[in-house]
Amino acid sequence: MRLSRYFLPVLKENPSEAQIVSHRLMLRAGMIKQSSAGIYSWLPMGFKVLRKLENIVHEEQVRAGHIPMLMPTLQSADLWRESGRYDDYGQEMLRIKDRHDRDMLYGPTNEELITDIFRSHIGSYKDLPLTLYHIQWKFRDEIRPRFGVMRGREFFMKDGYNFDLTKEDALHAYNRHLVTYLRTYERMGLQAIPMRADSGPIGGDNTHEFLVLADTGESEVFYDSAVTDLTFGDREIDYDSVEQCQSVLEEFTSKYARTDETHDEALFNAIPEDRRRVARGIEVGQIFYFGTKYSEAMNAVVQGPDGKQVPVHMGSHGIGVSRLVGAIIEASHDDNGIIWPEGVTPYHCGIVNLKQGDAEADAACDALYASLTALGLEPLYDDRNERAGGKFATMDLIGLPWRITVGPRGLKNGVVELTSRRTGESEELPPEEAVKKVAEIYAGL
Ligand code: 5CA
């Protein structure tokens, strides 16, 4: 992409309404624009990151055998009356009437809708296990929408639902989701710690939230610092293996880590004092096992091997995809702007032309652009007639992890400059070497 042809409305001034750094930087970097309280348009740069996150979520779900689909944003109230949640959900649910005076709602989550789909089509244990998911906009009429996309009213969420014959099978699905989530967040350059939590309006006793530690997080968390040493890494896992998924769950959840809702002072005090941590975190996902809560209420039954009809065991599993954009920025920025992890960056590499209009510099930039593109990478080329300082400030603000700077002086010596956004370190090298290096960095991501 050439910046001269793009739509990147960066702001020079700090927007006064933004209280936290991710909100401020998303507005300043031209990623989002508020349309009304807690509702945002995703401008091209923001939309690109959102799509990257969505793709990672899809890849990791499909890897585990979960099946993508798409349910509507608007739902009929009737299903929610069946489960009893139409009244329970309260004012967070946006209720609408259609022209026939029928009660509709903008879905805050999809347990009822998916259970209805399941019961309409599945009647035998032979079709289990089954995990379906979608990534779709949700609406919750939050009393205090704030912090930009962190607590929006309309937000983008992955929600998955498992259907199993027995509790044991459903717990395997729970563990499998935990593994997929660990992989997902790590690919986004984040450490998200599973913590025992409260199930709220979704229900059930078995639930973990995934928290990214950040001072601006809305949740208070208590944990043993040893949990922060754990990483999933690139280990291979067989998602069908009950033992393997169970052992990952044990490894990642046996140390004390809880949100304030379930915090237990006595257990916490049993941790060696130098490892006790009280901090704040951003909830970027939550997994639930709630047994037969919805299947019983909505008569989602299957015929078991013994011929008897039994309600299916279910769980639901959510990732806050749009919130993650903010969470990544909270975890990765400096005074000059965003620092995207390579796995989620909107463009792989910036190209800064220090002397636009200089025939040699222009030709060198065009050649770099073509070489990077030919390797399947997406460069963002600042080809505007701006001063170098302004171009660097924009690149730093939008946070591409790598930048190639091209100027007449370097070209005389046959070199360009490759700079890391994270460390600020630069090296001079021939253009083709710079391209090779950038390609190596992204190989396998
Ligand atoms: N049905 C379950 C699992 S699919 C569910 O709705 N879980 S949830 O309520 O925990 O939401 C899943 C994730 O969506 C949360 O972990 C959080 O990351 C994100 N989320 C929830 N509310 C908001 C909001 N108002 N703005 C942005 N993200 C949100």
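Everything numeric in this text was worked out from a predicted model, so none of it was measured. (Residues numbered from 1 in each chain as written. Predicted model: local features only at pLDDT ≥ 70, side-chain atom pairs only at ≥ 80, totals over all residues. Heavy atoms only, no water.)

**Regarding the site of the ligand**
Then, in step 1: Surrounding the ligand, one finds 22 residues, the nearest of these being T109, E111, R140, G152 and E283.
Then, in step 2: In the environment of the ligand, a nitrogen atom lies 2.7 Å from a nitrogen or oxygen atom belonging to the side chain of T109.
Then, in step 3: A distance of 3.5 Å is found between a nitrogen atom of the ligand and a side-chain nitrogen or oxygen belonging to R323.
Then, in step 4: Going through the elements one at a time, β8 (154-164), β13 (276-291) and β16 (313-320) are the ones with two or more residues in the shell around the ligand.
Then, in step 5: Ranked by residues supplied to the shell around the ligand, first place goes to β13 with five residues.
Then, in step 6: Across the shell around the ligand, the residue classes tally to seven nonpolar, eight polar and seven charged. (Near = heavy atom within 4 Å. Polar contact = N/O pair within 3.5 Å; in protein donor to acceptor, adjacent residues only side chain to side chain. Helix = DSSP H or I, 4+ residues; strand = E, 2+ residues; numbered from the N terminus. Nonpolar A, V, L, I, M, F, W, Y, C, P; charged D, E, K, R; others polar.)

**Examining helix α6 (residues 167-187)**
Then, in step 1: Its 21 residues place the ends of α6 30 Å apart at the C-alpha level, agreeing with the 30 Å of an ideal helix rising 1.5 Å per residue.
Then, in step 2: With 15 of 21 residues buried, α6 is to be regarded as a mostly interior element. (Expected span 1.5 Å × (residues − 1). Buried < 20%, exposed > 50% of the residue type's maximum accessible area, 1.4 Å probe, protein only.)

**Thoughts on the sheet that holds strand β19 (residues 349-353)**
Then, in step 1: Across the sheet, five strands lie side by side as β20-β19-β21-β22-β23; this open sheet has mixed pairing. Lying at the two open borders of the sheet, with one neighbouring strand each, are β20 (379-382) and β23 (426-429). Going from strand to strand, the sheet's axes swing by 20° on average, the running direction of each strand aside.
Then, in step 2: Bridge count for strand β21 (residues 402-406) against strand β22 (residues 416-420) is four bridges, and the pairing is antiparallel. Along β22, the bridge assignment pairs I404 with L418. (Pairing = 2+ DSSP bridges. Axes fitted to C-alpha atoms, helices over the stretch in contact; angles between N-to-C directions.)

**Concerning the pattern of salt bridges**
Then, in step 1: Scanning the model with the defined rule gives 28 salt bridges in all.
Then, in step 2: A salt bridge links K97 to D103; the nearest nitrogen and oxygen atoms lie 2.7 Å apart.
Then, in step 3: Given the relative accessible area of 49%, K97 is considered partly exposed.
Then, in step 4: With its nearest N and O atoms 2.9 Å apart, the salt bridge here joins D116 to R119. Of the two residues, D116 and R119 both sit in helix α5 (residues 111-121), three residues apart, roughly one turn of that helix.
Then, in step 5: Classification of D116 as partly exposed rests on a relative accessible area of 22%.
Then, in step 6: Using a relative accessible area of 25% as the deciding quantity, one classes R119 as partly exposed. (Salt bridge = Lys/Arg side-chain N within 4 Å of Asp/Glu carboxyl O.)

**Side note on the pairing of β19**
Then, in step 1: Counted residue by residue, β19 has five buried out of five residues, so it is predominantly covered.
Then, in step 2: Side-chain alternation along β19 places C349, I351 and N353 on one buried face and G350 and V352 on a second face that is also buried.
Then, in step 3: Here β19 pairs with β21 via four bridges, running parallel. Within β21, the residue paired with V352 across the bridge is T405.

**Some points on the sheet that holds strand β4 (residues 74-76)**
Strand pairing in a sheet relies on backbone hydrogen bonds. The paired strands run either parallel or antiparallel.
Then, in step 1: An order of β4-β6-β5 is seen for the three strands of this open sheet, with the pairing classed as antiparallel. Strands at the two margins of the open sheet, each flanked by one partner only, are β4 and β5 (94-97). In this sheet, adjacent strand axes meet at a mean angle of 35° when their direction is disregarded.
Then, in step 2: Note that β4 and strand β6 (residues 103-106) share three bridges and pair antiparallel. Residue pairing across strands places Q75 opposite L105, the latter belonging to β6.

**What to know about the packing of helix α2 (residues 44-63) against α6**
Then, in step 1: Two elements in contact, α2 and α6, have axes whose closest approach is 9 Å; the angle formed by their N-to-C orientations is 150°. For the pair α2 and α6, the crossing hand works out as right-handed. The residues of α6 that touch α2, namely those facing I56, V57, E59, E60, Q61 and R63, are H177, T180, Y181, R183, T184 and R187. (Left-handed = near helix turned anticlockwise from the far one by under 90°. Contact = heavy atoms within 4.5 Å.)

**Considerations on the nonpolar core**
Then, in step 1: Membership of the largest hydrophobic core comes to 69 residues, with the highest contact counts inside it found for M31, L53, Y185, F210, V284, V325 and W340.
Then, in step 2: Element by element, the count of residues in this core is highest for α6, at seven residues.
Then, in step 3: Inspection of this core shows a minimum of three residues originating in each of domain 1 (3-337) and domain 2 (347-443).
Then, in step 4: Aside from chain neighbours lying at most four places away, what touches Y185 is L190, A192, F210, V284, G285, I319 and L324.
Then, in step 5: Core analysis: the second largest hydrophobic core is formed by 27 residues, L132, I202, Y294 and M314 among them. (Core = buried A, V, L, I, M, F, W, Y, C linked by side-chain atoms within 4.5 Å. Domains from an automatic or database assignment.)

**Digging into the domain arrangement of the chain**
Then, in step 1: Annotation of the chain at the domain level lists domain 1 (3-337) and domain 2 (347-443).
Then, in step 2: The gap between the C-alpha centroids of domain 1 and domain 2 is 37 Å.
Then, in step 3: Counting residues at the interface gives 15 residues for domain 1, matched by 14 residues for domain 2.
Then, in step 4: Roughly 1300 Å² is buried in total at the junction of domain 1 and domain 2, and carbon and sulfur atoms are behind 59% of that figure.
Then, in step 5: There are two salt bridges connecting domain 1 and domain 2.
Then, in step 6: A salt bridge links K48 to E378; the shortest N-O distance between them is 2.8 Å.
Then, in step 7: For the pair domain 1 and domain 2, the interface holds seven residue pairs in polar contact (both at pLDDT 80 or more).
Then, in step 8: Looking at the side of domain 1 that touches domain 2, the elements that each hand over two or more residues are α1 (21-28) and α2.
Then, in step 9: Here the element with the most residues in the side of domain 1 that touches domain 2 is α2; it accounts for three residues.
Then, in step 10: Broken down by class, the residue content of the side of domain 1 that touches domain 2 amounts to seven nonpolar, four polar and four charged. (Buried area = accessible area lost by both parts, 1.4 Å probe.)

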